[in-house]
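# An overview of the molecular structure
The chain contents come next:
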Amino acid sequence: MIQKLLLSMEQMIHIIHNGLQKTNSPKDVTVIGAGISGLVAASLLKEAGHRVTIIEANNRIGGRIYTKREPFINNQYIDLGAMRIPSIHHLVLEYIKKFNLQVNEFINSTPNDLIFINNVLTNQTNYKANPDQLNFKVYPSEQGKTATELLLLAIGPVIDFINQDPDKNWEIVINLYDHYSMANFLKYNPVSVSLSPEAIDMIETMVGLEGFSELAFTAILREVLVLLTKDLKFYEITGGTDHLINGFLPQLKDDIISNQRVKKIIQQETNVTIYTENQILNTEHQLTSDFVISTIPYTLLNFVDLLPFESVSYEKRKVIRKIHYANSTKIGLQFKTRFWEKYGIFGGKLTTDLPIKFAYFPSHSAGGTNSTGIMLASYTWEDDSSIWDNMTQHERIKIALNDLSYIFGNQVFSEFLIGFSHNWSEFPYFGGAFVMFKPDQLKELGQYIGIPEGRIHFAGSHSSTTPGWIQGAIEAGIRTAYEVNNR
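Residues numbered from 1 in each chain as written. Predicted model: local features only at pLDDT ≥ 70, side-chain atom pairs only at ≥ 80, totals over all residues. Heavy atoms only, no water.

## Thoughts on the sheet that holds strand E21 (residues 416-423)
Pairing in this open sheet of seven strands is mixed, and the strands run E8-E7-E18-E19-E20-E17-E21 from one edge to the other. Strands at the two margins of the open sheet, each flanked by one partner only, are strand E8 (120-123) and E21. Taken over all neighbouring pairs, the strand axes of this sheet differ in orientation by 15 degrees on average, direction set aside. As paired elements, strand E17 (residues 328-335) and E21 share seven bridges and run antiparallel to each other. Following the sheet pairing, Lys330 is matched in E21 by His422. (Pairing = 2+ DSSP bridges. Helix = DSSP H or I, 4+ residues; strand = E, 2+ residues; numbered from the N terminus. Axes fitted to C-alpha atoms, helices over the stretch in contact; angles between N-to-C directions.)

Below, the structure written as C-alpha coordinates:
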(Lines give C-alpha, C1' and ligand atoms only; values in the text may rest on other atoms or scores of the structure.)
Protein backbone atom coordinates (compact mmCIF):
# COMPACT_ATOMS: atom_id res chain seq x y z
CA MET A 1 0.00 0.00 0.00
CA ILE A 2 1.11 3.55 -0.69
CA GLN A 3 0.03 6.59 1.25
CA LYS A 4 -2.61 8.54 -0.66
CA LEU A 5 -2.67 12.30 -1.09
CA LEU A 6 -5.20 13.77 1.31
CA LEU A 7 -5.51 16.84 -0.90
CA SER A 8 -5.11 17.27 -4.64
CA MET A 9 -2.27 19.34 -6.05
CA GLU A 10 -4.78 22.03 -7.02
CA GLN A 11 -6.19 22.13 -3.49
CA MET A 12 -2.71 22.47 -1.96
CA ILE A 13 -1.77 25.29 -4.34
CA HIS A 14 -5.03 27.03 -3.43
CA ILE A 15 -4.15 26.68 0.28
CA ILE A 16 -0.67 28.17 -0.29
CA HIS A 17 -2.24 31.28 -1.83
CA ASN A 18 -5.46 31.59 0.16
CA GLY A 19 -4.78 29.80 3.42
CA LEU A 20 -6.88 27.30 5.31
CA GLN A 21 -10.43 28.02 6.37
CA LYS A 22 -10.32 30.43 9.33
CA THR A 23 -11.01 28.63 12.59
CA ASN A 24 -13.82 29.43 15.01
CA SER A 25 -12.05 27.40 17.68
CA PRO A 26 -8.38 28.44 18.01
CA LYS A 27 -6.06 25.74 19.31
CA ASP A 28 -2.59 25.72 20.81
CA VAL A 29 -0.35 23.78 18.41
CA THR A 30 3.29 22.86 18.97
CA VAL A 31 5.33 22.12 15.86
CA ILE A 32 8.51 20.12 16.44
CA GLY A 33 11.16 21.07 13.90
CA ALA A 34 11.83 24.34 12.06
CA GLY A 35 12.59 22.80 8.69
CA ILE A 36 10.47 23.73 5.68
CA SER A 37 7.73 21.22 6.58
CA GLY A 38 7.29 22.55 10.12
CA LEU A 39 7.40 26.17 8.94
CA VAL A 40 4.72 25.53 6.30
CA ALA A 41 2.43 23.85 8.84
CA ALA A 42 2.98 26.58 11.44
CA SER A 43 2.47 29.38 8.91
CA LEU A 44 -0.83 27.99 7.65
CA LEU A 45 -2.17 27.31 11.15
CA LYS A 46 -1.21 30.75 12.39
CA GLU A 47 -2.92 32.36 9.38
CA ALA A 48 -6.03 30.31 10.20
CA GLY A 49 -6.12 31.75 13.73
CA HIS A 50 -4.37 29.11 15.84
CA ARG A 51 -1.62 29.78 18.37
CA VAL A 52 1.62 28.09 17.26
CA THR A 53 4.96 27.40 18.91
CA ILE A 54 7.87 25.91 16.96
CA ILE A 55 10.48 23.90 18.87
CA GLU A 56 13.84 23.38 17.15
CA ALA A 57 16.68 21.26 18.53
CA ASN A 58 19.29 22.96 16.38
CA ASN A 59 20.74 26.45 16.74
CA ARG A 60 19.64 27.27 13.18
CA ILE A 61 16.40 26.82 11.29
CA GLY A 62 15.90 25.22 7.91
CA GLY A 63 16.58 21.55 8.58
CA ARG A 64 17.97 19.95 5.42
CA ILE A 65 17.78 23.26 3.62
CA TYR A 66 21.26 24.40 4.60
CA THR A 67 23.07 27.09 2.65
CA LYS A 68 26.69 27.34 3.78
CA ARG A 69 28.31 30.76 3.32
CA GLU A 70 31.36 30.52 5.59
CA PRO A 71 34.24 29.82 5.22
CA PHE A 72 33.82 30.85 1.59
CA ILE A 73 34.68 34.35 0.36
CA ASN A 74 33.28 36.85 -2.17
CA ASN A 75 29.69 36.31 -0.98
CA GLN A 76 29.65 32.82 -2.49
CA TYR A 77 27.99 29.76 -0.99
CA ILE A 78 27.09 26.13 -1.43
CA ASP A 79 23.83 24.34 -0.63
CA LEU A 80 24.76 21.38 1.55
CA GLY A 81 21.22 20.03 1.48
CA ALA A 82 18.42 20.75 -0.98
CA MET A 83 19.87 22.51 -4.02
CA ARG A 84 17.65 21.92 -7.07
CA ILE A 85 13.95 22.15 -7.78
CA PRO A 86 12.39 20.09 -10.59
CA SER A 87 10.00 22.06 -12.78
CA ILE A 88 7.23 19.56 -11.91
CA HIS A 89 7.45 20.41 -8.18
CA HIS A 90 4.71 23.00 -8.24
CA LEU A 91 4.30 23.45 -4.46
CA VAL A 92 7.89 24.68 -4.13
CA LEU A 93 7.51 27.00 -7.11
CA GLU A 94 4.31 28.46 -5.62
CA TYR A 95 6.09 29.35 -2.36
CA ILE A 96 8.90 30.88 -4.40
CA LYS A 97 6.31 33.07 -6.13
CA LYS A 98 4.61 33.88 -2.83
CA PHE A 99 7.87 35.17 -1.35
CA ASN A 100 8.92 36.91 -4.59
CA LEU A 101 12.18 34.96 -4.75
CA GLN A 102 14.42 34.92 -7.78
CA VAL A 103 15.37 31.65 -9.47
CA ASN A 104 17.80 30.68 -12.18
CA GLU A 105 18.08 27.44 -14.07
CA PHE A 106 20.04 24.72 -12.32
CA ILE A 107 21.96 23.19 -15.21
CA ASN A 108 21.80 19.55 -14.19
CA SER A 109 23.50 18.17 -17.30
CA THR A 110 24.97 19.36 -20.60
CA PRO A 111 26.49 17.75 -23.71
CA ASN A 112 29.87 18.85 -22.32
CA ASP A 113 29.46 16.92 -19.05
CA LEU A 114 32.73 15.19 -18.29
CA ILE A 115 33.05 11.47 -17.63
CA PHE A 116 36.09 9.78 -16.08
CA ILE A 117 35.45 6.06 -15.64
CA ASN A 118 37.77 3.05 -15.95
CA ASN A 119 40.61 5.55 -16.49
CA VAL A 120 38.90 6.90 -19.63
CA LEU A 121 38.25 10.64 -19.89
CA THR A 122 35.46 11.65 -22.27
CA ASN A 123 32.35 13.80 -22.36
CA GLN A 124 28.64 13.14 -22.65
CA THR A 125 28.47 13.78 -26.41
CA ASN A 126 31.29 11.38 -27.21
CA TYR A 127 29.98 8.80 -24.77
CA LYS A 128 26.53 8.79 -26.40
CA ALA A 129 28.17 8.28 -29.78
CA ASN A 130 30.28 5.37 -28.46
CA PRO A 131 29.23 3.99 -25.05
CA ASP A 132 31.65 1.07 -25.42
CA GLN A 133 34.66 3.38 -24.99
CA LEU A 134 34.27 3.10 -21.19
CA ASN A 135 35.33 -0.56 -21.46
CA PHE A 136 32.51 -2.19 -19.50
CA LYS A 137 32.44 -5.87 -20.50
CA VAL A 138 28.75 -6.00 -21.37
CA TYR A 139 27.04 -8.75 -23.37
CA PRO A 140 27.22 -8.40 -27.19
CA SER A 141 23.49 -7.57 -27.24
CA GLU A 142 24.15 -4.69 -24.81
CA GLN A 143 27.01 -3.12 -26.73
CA GLY A 144 26.48 0.31 -28.25
CA LYS A 145 23.89 1.28 -25.63
CA THR A 146 24.28 4.01 -23.00
CA ALA A 147 23.57 3.39 -19.34
CA THR A 148 20.24 5.21 -19.65
CA GLU A 149 19.27 3.15 -22.70
CA LEU A 150 20.10 -0.08 -20.86
CA LEU A 151 18.16 1.06 -17.82
CA LEU A 152 15.10 1.88 -19.94
CA LEU A 153 15.44 -1.47 -21.70
CA ALA A 154 15.04 -3.12 -18.30
CA ILE A 155 12.45 -0.91 -16.57
CA GLY A 156 10.70 0.73 -19.54
CA PRO A 157 7.70 -1.62 -19.43
CA VAL A 158 7.09 -0.73 -15.76
CA ILE A 159 7.34 2.99 -16.50
CA ASP A 160 4.92 2.66 -19.42
CA PHE A 161 2.47 0.76 -17.21
CA ILE A 162 2.62 3.39 -14.47
CA ASN A 163 2.09 6.22 -16.95
CA GLN A 164 -1.14 4.65 -18.22
CA ASP A 165 -2.86 5.36 -14.88
CA PRO A 166 -0.39 6.55 -12.20
CA ASP A 167 -2.83 6.59 -9.26
CA LYS A 168 -3.99 3.04 -9.83
CA ASN A 169 -0.92 1.42 -11.36
CA TRP A 170 1.70 2.68 -8.91
CA GLU A 171 -0.01 0.63 -6.22
CA ILE A 172 -0.02 -2.44 -8.46
CA VAL A 173 3.71 -2.01 -9.14
CA ILE A 174 4.41 -1.71 -5.41
CA ASN A 175 2.45 -4.88 -4.66
CA LEU A 176 4.22 -6.81 -7.43
CA TYR A 177 7.80 -5.58 -7.20
CA ASP A 178 8.46 -3.88 -3.86
CA HIS A 179 10.35 -6.96 -2.65
CA TYR A 180 13.04 -6.42 -5.30
CA SER A 181 16.11 -4.30 -4.80
CA MET A 182 17.03 -2.28 -7.86
CA ALA A 183 20.11 -4.46 -8.44
CA ASN A 184 18.07 -7.67 -8.27
CA PHE A 185 15.33 -6.28 -10.51
CA LEU A 186 17.89 -5.50 -13.20
CA LYS A 187 19.62 -8.86 -12.74
CA TYR A 188 16.51 -11.10 -12.48
CA ASN A 189 14.11 -8.99 -14.48
CA PRO A 190 10.48 -10.18 -14.11
CA VAL A 191 9.09 -8.02 -16.95
CA SER A 192 11.83 -7.51 -19.55
CA VAL A 193 15.46 -8.18 -20.38
CA SER A 194 17.79 -9.21 -17.56
CA LEU A 195 21.04 -7.29 -17.75
CA SER A 196 24.61 -8.52 -17.42
CA PRO A 197 26.60 -7.74 -14.27
CA GLU A 198 28.77 -5.29 -16.24
CA ALA A 199 25.73 -3.53 -17.71
CA ILE A 200 24.36 -3.13 -14.19
CA ASP A 201 27.77 -1.84 -13.10
CA MET A 202 27.67 0.77 -15.87
CA ILE A 203 24.15 1.86 -14.90
CA GLU A 204 25.07 2.10 -11.23
CA THR A 205 28.18 4.14 -12.02
CA MET A 206 26.72 6.45 -14.66
CA VAL A 207 23.22 6.99 -13.25
CA GLY A 208 24.39 7.25 -9.64
CA LEU A 209 22.77 4.13 -8.17
CA GLU A 210 25.94 2.43 -6.95
CA GLY A 211 25.56 3.69 -3.40
CA PHE A 212 22.09 2.25 -2.91
CA SER A 213 21.29 -0.29 -5.60
CA GLU A 214 20.46 -2.81 -2.85
CA LEU A 215 17.56 -0.58 -1.71
CA ALA A 216 14.00 -0.96 -2.95
CA PHE A 217 13.38 -1.00 -6.70
CA THR A 218 10.19 1.01 -6.18
CA ALA A 219 11.92 3.71 -4.13
CA ILE A 220 14.67 4.21 -6.71
CA LEU A 221 12.16 3.98 -9.59
CA ARG A 222 10.29 6.95 -8.11
CA GLU A 223 13.49 9.02 -8.31
CA VAL A 224 14.28 7.80 -11.82
CA LEU A 225 10.78 8.80 -12.99
CA VAL A 226 11.46 12.38 -11.90
CA LEU A 227 14.74 12.50 -13.81
CA LEU A 228 13.17 10.97 -16.94
CA THR A 229 10.26 13.45 -17.06
CA LYS A 230 9.91 14.81 -20.59
CA ASP A 231 11.16 18.41 -20.97
CA LEU A 232 12.17 18.49 -17.29
CA LYS A 233 14.08 21.54 -16.10
CA PHE A 234 15.66 22.22 -12.75
CA TYR A 235 15.81 25.54 -10.94
CA GLU A 236 17.72 26.90 -7.98
CA ILE A 237 16.89 29.85 -5.75
CA THR A 238 19.29 32.60 -6.70
CA GLY A 239 21.53 33.43 -3.75
CA GLY A 240 20.88 30.16 -1.87
CA THR A 241 17.99 27.85 -0.99
CA ASP A 242 17.83 29.31 2.53
CA HIS A 243 16.02 32.36 1.08
CA LEU A 244 12.97 30.07 0.98
CA ILE A 245 13.29 29.52 4.74
CA ASN A 246 13.81 33.23 5.36
CA GLY A 247 10.50 33.94 3.64
CA PHE A 248 8.67 32.55 6.68
CA LEU A 249 10.55 34.61 9.28
CA PRO A 250 8.53 37.86 9.21
CA GLN A 251 5.49 35.83 10.25
CA LEU A 252 7.07 33.17 12.50
CA LYS A 253 10.35 34.46 13.98
CA ASP A 254 8.76 35.20 17.38
CA ASP A 255 7.23 31.72 17.56
CA ILE A 256 10.48 29.72 17.24
CA ILE A 257 12.34 28.37 20.30
CA SER A 258 15.78 27.03 19.34
CA ASN A 259 18.14 24.56 21.07
CA GLN A 260 15.25 22.55 22.53
CA ARG A 261 15.70 18.82 22.03
CA VAL A 262 12.54 16.79 22.61
CA LYS A 263 12.99 13.98 25.14
CA LYS A 264 9.44 12.87 25.92
CA ILE A 265 5.88 13.37 24.61
CA ILE A 266 2.94 12.47 26.85
CA GLN A 267 -0.58 12.41 25.42
CA GLN A 268 -3.60 13.00 27.62
CA GLU A 269 -7.24 12.87 26.63
CA THR A 270 -7.40 16.63 26.07
CA ASN A 271 -3.81 17.75 25.48
CA VAL A 272 -0.19 16.80 24.79
CA THR A 273 2.84 17.73 26.91
CA ILE A 274 6.31 17.89 25.38
CA TYR A 275 9.40 17.63 27.60
CA THR A 276 12.56 19.22 26.19
CA GLU A 277 16.17 19.78 27.14
CA ASN A 278 17.97 23.02 26.28
CA GLN A 279 21.09 21.95 24.42
CA ILE A 280 23.08 25.01 25.48
CA LEU A 281 22.02 25.60 29.09
CA ASN A 282 21.36 21.94 29.91
CA THR A 283 18.01 22.87 31.46
CA GLU A 284 14.71 21.00 31.16
CA HIS A 285 11.41 22.49 30.03
CA GLN A 286 7.89 21.39 29.21
CA LEU A 287 5.14 22.74 27.00
CA THR A 288 1.49 21.68 26.87
CA SER A 289 -0.70 22.21 23.82
CA ASP A 290 -3.85 20.85 22.21
CA PHE A 291 -2.05 19.21 19.28
CA VAL A 292 1.50 18.44 18.17
CA ILE A 293 2.92 18.27 14.66
CA SER A 294 6.19 16.32 14.69
CA THR A 295 8.67 16.61 11.84
CA ILE A 296 11.33 14.64 13.74
CA PRO A 297 12.99 12.07 11.44
CA TYR A 298 11.78 8.65 12.50
CA THR A 299 15.37 7.50 13.04
CA LEU A 300 15.58 10.10 15.84
CA LEU A 301 12.02 9.59 17.10
CA ASN A 302 13.40 6.28 18.38
CA PHE A 303 15.02 8.30 21.17
CA VAL A 304 11.84 10.13 22.22
CA ASP A 305 9.59 8.51 24.81
CA LEU A 306 6.05 8.42 23.40
CA LEU A 307 3.70 7.86 26.33
CA PRO A 308 1.45 6.25 27.30
CA PHE A 309 2.75 3.34 25.23
CA GLU A 310 -0.69 2.38 23.94
CA SER A 311 -1.29 5.93 22.61
CA VAL A 312 0.90 5.08 19.60
CA SER A 313 -0.08 2.16 17.37
CA TYR A 314 2.02 -0.93 16.80
CA GLU A 315 2.24 -0.02 13.11
CA LYS A 316 3.63 3.45 13.78
CA ARG A 317 6.18 2.13 16.26
CA LYS A 318 7.25 -0.36 13.59
CA VAL A 319 7.68 2.54 11.12
CA ILE A 320 9.78 4.42 13.68
CA ARG A 321 12.01 1.39 14.26
CA LYS A 322 12.48 0.28 10.67
CA ILE A 323 12.16 3.05 8.09
CA HIS A 324 15.45 3.49 6.27
CA TYR A 325 17.25 6.80 5.80
CA ALA A 326 20.08 7.11 3.29
CA ASN A 327 23.10 9.19 4.12
CA SER A 328 24.71 11.83 1.90
CA THR A 329 28.01 13.70 1.86
CA LYS A 330 28.90 16.88 -0.02
CA ILE A 331 32.31 18.50 -0.44
CA GLY A 332 32.44 22.08 -1.69
CA LEU A 333 35.70 23.59 -2.95
CA GLN A 334 36.29 27.25 -3.79
CA PHE A 335 38.85 28.12 -6.47
CA LYS A 336 40.53 31.40 -7.44
CA THR A 337 38.98 31.21 -10.92
CA ARG A 338 36.31 29.16 -12.67
CA PHE A 339 39.01 27.36 -14.60
CA TRP A 340 36.56 24.72 -15.85
CA GLU A 341 34.83 27.35 -17.98
CA LYS A 342 37.95 27.50 -20.16
CA TYR A 343 36.90 24.04 -21.34
CA GLY A 344 33.36 25.12 -22.23
CA ILE A 345 31.85 23.81 -18.96
CA PHE A 346 29.06 26.05 -17.68
CA GLY A 347 26.97 24.16 -15.15
CA GLY A 348 26.39 20.44 -15.52
CA LYS A 349 28.32 17.65 -13.86
CA LEU A 350 31.31 15.36 -13.78
CA THR A 351 30.69 11.61 -13.43
CA THR A 352 33.47 9.36 -12.12
CA ASP A 353 34.17 6.02 -10.50
CA LEU A 354 36.55 7.76 -8.08
CA PRO A 355 35.56 8.30 -4.43
CA ILE A 356 34.10 11.74 -5.26
CA LYS A 357 31.64 10.00 -7.68
CA PHE A 358 29.81 13.14 -8.89
CA ALA A 359 30.82 16.80 -9.06
CA TYR A 360 28.57 19.69 -10.08
CA PHE A 361 29.71 22.95 -11.62
CA PRO A 362 27.91 26.11 -10.48
CA SER A 363 24.98 27.29 -12.57
CA HIS A 364 24.78 30.70 -10.92
CA SER A 365 27.13 33.49 -12.01
CA ALA A 366 28.49 31.32 -14.82
CA GLY A 367 30.62 32.94 -17.48
CA GLY A 368 33.11 34.76 -15.26
CA THR A 369 36.45 32.94 -15.50
CA ASN A 370 38.17 35.74 -13.61
CA SER A 371 35.96 35.40 -10.54
CA THR A 372 36.17 32.79 -7.80
CA GLY A 373 33.88 29.83 -8.07
CA ILE A 374 32.65 27.06 -5.79
CA MET A 375 32.43 23.59 -7.25
CA LEU A 376 30.38 20.89 -5.56
CA ALA A 377 33.43 18.65 -5.86
CA SER A 378 31.75 15.53 -4.49
CA TYR A 379 28.13 14.47 -4.02
CA THR A 380 27.64 10.92 -2.76
CA TRP A 381 24.82 8.84 -1.29
CA GLU A 382 24.45 5.87 1.06
CA ASP A 383 27.37 3.40 0.72
CA ASP A 384 29.31 5.84 -1.47
CA SER A 385 28.83 8.42 1.28
CA SER A 386 29.79 6.10 4.14
CA ILE A 387 33.40 5.81 3.02
CA TRP A 388 33.86 9.48 3.99
CA ASP A 389 32.33 9.04 7.46
CA ASN A 390 35.42 8.84 9.64
CA MET A 391 37.54 11.40 7.82
CA THR A 392 38.40 14.92 8.92
CA GLN A 393 37.47 17.96 6.85
CA HIS A 394 41.11 18.23 5.78
CA GLU A 395 41.27 14.61 4.61
CA ARG A 396 38.07 14.87 2.57
CA ILE A 397 39.19 18.08 0.89
CA LYS A 398 42.62 16.64 0.12
CA ILE A 399 41.13 13.51 -1.49
CA ALA A 400 38.59 15.53 -3.49
CA LEU A 401 41.36 17.76 -4.87
CA ASN A 402 43.44 14.71 -5.75
CA ASP A 403 40.49 13.09 -7.57
CA LEU A 404 39.82 16.28 -9.52
CA SER A 405 43.48 16.40 -10.56
CA TYR A 406 42.94 13.24 -12.65
CA ILE A 407 40.61 15.31 -14.81
CA PHE A 408 41.97 18.88 -14.62
CA GLY A 409 45.64 18.36 -13.74
CA ASN A 410 47.68 20.12 -11.09
CA GLN A 411 45.93 23.44 -11.60
CA VAL A 412 43.34 22.31 -9.05
CA PHE A 413 46.00 22.59 -6.32
CA SER A 414 47.29 26.02 -7.35
CA GLU A 415 43.75 27.35 -7.88
CA PHE A 416 42.34 26.01 -4.61
CA LEU A 417 41.30 28.54 -1.95
CA ILE A 418 39.18 26.86 0.72
CA GLY A 419 36.78 23.96 1.19
CA PHE A 420 34.04 22.57 3.39
CA SER A 421 32.40 19.15 3.68
CA HIS A 422 29.14 18.03 5.26
CA ASN A 423 28.13 14.47 6.10
CA TRP A 424 24.50 14.33 7.23
CA SER A 425 24.99 11.26 9.42
CA GLU A 426 27.45 13.15 11.63
CA PHE A 427 24.90 15.65 12.88
CA PRO A 428 22.62 14.68 15.77
CA TYR A 429 19.39 16.30 14.56
CA PHE A 430 18.93 14.70 11.15
CA GLY A 431 19.36 10.93 11.34
CA GLY A 432 20.45 10.74 7.70
CA ALA A 433 19.84 12.73 4.54
CA PHE A 434 16.55 11.38 3.17
CA VAL A 435 14.22 8.38 3.31
CA MET A 436 15.04 5.67 0.79
CA PHE A 437 13.10 2.47 1.47
CA LYS A 438 14.52 -1.00 1.70
CA PRO A 439 12.72 -3.81 -0.18
CA ASP A 440 9.17 -4.46 1.09
CA GLN A 441 9.14 -1.35 3.31
CA LEU A 442 6.89 0.73 1.10
CA LYS A 443 4.37 -2.11 0.84
CA GLU A 444 4.46 -2.94 4.55
CA LEU A 445 4.94 0.51 6.12
CA GLY A 446 3.87 3.06 3.52
CA GLN A 447 0.25 3.53 4.58
CA TYR A 448 1.19 4.09 8.24
CA ILE A 449 3.99 6.63 7.84
CA GLY A 450 1.91 9.81 7.81
CA ILE A 451 -1.21 8.93 9.78
CA PRO A 452 -1.81 10.77 13.11
CA GLU A 453 -1.50 9.01 16.44
CA GLY A 454 -4.05 10.57 18.78
CA ARG A 455 -3.18 14.25 19.08
CA ILE A 456 0.21 13.86 17.36
CA HIS A 457 0.43 14.52 13.62
CA PHE A 458 3.44 13.71 11.45
CA ALA A 459 5.02 15.98 8.83
CA GLY A 460 8.47 16.08 7.23
CA SER A 461 9.32 14.89 3.73
CA HIS A 462 9.57 11.32 5.08
CA SER A 463 5.79 11.37 5.60
CA SER A 464 4.99 12.50 2.05
CA THR A 465 4.55 10.96 -1.38
CA THR A 466 7.82 12.65 -2.46
CA PRO A 467 10.40 11.92 0.27
CA GLY A 468 13.80 13.51 -0.09
CA TRP A 469 12.55 16.62 -1.91
CA ILE A 470 11.38 20.07 -0.74
CA GLN A 471 8.12 19.29 -2.55
CA GLY A 472 7.45 16.39 -0.19
CA ALA A 473 8.23 18.43 2.90
CA ILE A 474 5.81 21.17 1.82
CA GLU A 475 3.14 18.60 0.94
CA ALA A 476 3.39 17.08 4.43
CA GLY A 477 3.30 20.53 6.06
CA ILE A 478 0.11 21.43 4.21
CA ARG A 479 -1.46 18.04 4.98
CA THR A 480 -0.83 18.20 8.72
CA ALA A 481 -1.99 21.82 8.97
CA TYR A 482 -5.18 20.80 7.18
CA GLU A 483 -5.63 17.80 9.50
CA VAL A 484 -5.26 19.89 12.67
CA ASN A 485 -7.41 22.73 11.37
CA ASN A 486 -10.25 20.32 10.65
CA ARG A 487 -10.26 18.55 14.01
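Following the structure, the description resumes.
## Thoughts on the UniProt feature "binding site: FAD" (unreviewed entry) in the protein
The positions that UniProt labels "binding site: FAD" (unreviewed entry) are, in the present scheme, Ser37, Glu56, Ala57, Gly81, Ala82, Met83, Arg84 and Val262. A maximum C-alpha distance of 30.6 Å among these annotated residues, which run over 226 residues, shows that they spread across the structure rather than meeting at one spot. Its location among the elements puts Ala57 in the loop between strand E2 (51-55) and strand E3 (67-68). Given the relative accessible area of 15%, Ala57 is considered buried. Excluding residues that lie within four positions of it along the chain, Ala57 makes contacts with Asn259, Gln260, Arg261, Gln279 and Tyr429. Inspection of the secondary structure assignment puts Gly81 in the loop between strand E4 (78-79) and strand E5 (85-86). Given the relative accessible area of 13%, Gly81 is considered buried. Ignoring any residue separated from it by four or fewer positions in sequence, one finds Gly81 in contact with Arg64, Tyr66, Lys330 and Trp424. (UniProt positions renumbered as here; feature names shortened; annotations may be inferred. Buried < 20%, exposed > 50% of the residue type's maximum accessible area, 1.4 Å probe, protein only. Contact = heavy atoms within 4.5 Å.)

## Focus on the sheet that holds strand E6 (residues 103-105)
The strands that make up a sheet are held in pairs by hydrogen bonds between backbone atoms, and each pair lies either parallel or antiparallel. Taken in spatial order, the three strands of this open sheet run E5-E9-E6, and their pairing is antiparallel. Either end of the sheet is taken by a strand with one partner, and the two such strands are E5 and E6. Examined bridge by bridge, E5 and strand E9 (residues 234-237) share two bridges and lie antiparallel to one another. Bridge pairing in E9 links Pro86 to Phe234.

## Re the side chain of Asp178
Tracing the backbone shows Asp178 in the loop between helix H6 (166-177) and helix H7 (182-187). Among the polar contacts listed, one links the side chain of Asp178 to the backbone nitrogen of Gln441, at a separation of 3.5 Å. Discounting residues that sit within four places of it in the chain, Asp178 has contacts with Val173, Ala216, Thr218, Pro439, Asp440, Gln441, Leu442 and Lys443. (Polar contact = N/O pair within 3.5 Å; in protein donor to acceptor, adjacent residues only side chain to side chain.)

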